[in-house]
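# Report on the structure
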Amino acid sequence: MAGKTIHITDFDKRLGRLITMHRVHHGLLQRDLARALGCSFQQIQKYENASNRMSASRLNDLCRYLKIPIGTFLQEADADYVHNPKMARIIRNLYGMSPAQVDLVLQMTNTLRNQYSKTPDAA
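Summarised in this report is the structure supplied together with it.

Thresholds applied
- Residues numbered from 1 in each chain as written.
- Predicted model: local features only at pLDDT ≥ 70, side-chain atom pairs only at ≥ 80, totals over all residues.
- Heavy atoms only, no water.
- Salt bridge = Lys/Arg side-chain N within 4 Å of Asp/Glu carboxyl O.
- Helix = DSSP H or I, 4+ residues; strand = E, 2+ residues; numbered from the N terminus.
- Buried < 20%, exposed > 50% of the residue type's maximum accessible area, 1.4 Å probe, protein only.
- Arc of directions from axis to C-beta.
- Core = buried A, V, L, I, M, F, W, Y, C linked by side-chain atoms within 4.5 Å.
- Contact = heavy atoms within 4.5 Å.

Below, the discussion takes up the pattern of salt bridges. Applying the stated criterion across every chain, the model contains four salt bridges. Here D12 makes a salt bridge to R53, at a shortest N to O gap of 2.9 Å. Of this pair, D12 sits in helix α1 (residues 10-25) while R53 is found in the loop between α3 (41-48) and α4 (56-66), placing the two residues 41 residues apart along the sequence. D32 serves as the salt-bridge partner of R35, at 3.8 Å between the closest nitrogen and oxygen. Highlighted residues: R35 and D32, both in helix α2 (residues 30-37), separated by three residues, approximately one helical turn. Look at R35 and you get exposed, because its relative accessible area is 60%.

Here it is in structure tokens:
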């Protein structure tokens, strides 16, 4: 729509980062996700970069395709790791690691956290 200004919110940006994380977790390229949702890969780029808003029906289709309850997906949009691009990058990196590597990262982060915390983490 020519001349229409769309205000992109922080929520739109968090949602875009979350879409990227789940897409990468499932080993999908933008074109794969686009094909599944019936849109162009450019549209997926726009959602992920928060230059376009995603409609509720398209979000529903995304959640169905990824087998994520829409309520869970929306709750994740408020998670701390989605707000912080560095933490989001760490999460994306974890998705590409083996279970043994993830265990090592968990041990390392628990050790680092416990060095600066008075209450050790049991996990």
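In this section: unusual backbone geometry. The bulk of non-glycine residues show a negative phi, and the bulk of peptide bonds are trans. In this structure, A50 takes a positive phi of about 60° despite not being glycine. Mapped onto the elements, A50 comes out in the loop between α3 and α4. For A50, a relative accessible area of 7% gives the class buried.

Moving on, we get to α4. Listed as buried for α4 are R58, L59, L62, C63 and L66. Down the axis, α4 shows its buried residues gathered within 140° of arc, on one side only. Exposed residues lying more than 90 degrees from the buried face of α4 are A56, S57 and R64.

Considering soluble globular proteins, one finds that nonpolar side chains tend to be buried as a cluster. Counting residues in each nonpolar core, the largest one holds 19 residues, and the members touching the most others are I19, L33, I44, L59, L62 and F73. Only α1, α2, α3 and α4 provide two or more residues apiece to this core. When near neighbours in sequence (up to four residues on either side) are disregarded, F73 contacts L15, L18, I19, H22, L59, L62, C63 and I68.

By the burial criterion, the buried members of α3 are Q43, I44, Y47 and E48. One face of α3 carries all of its buried residues, which in axial projection span an arc of 140°. The elements touched by buried residues of α3 are α1, α2 and α4. At the C-terminal side of α3, A50 shows a positive phi close to 60°.

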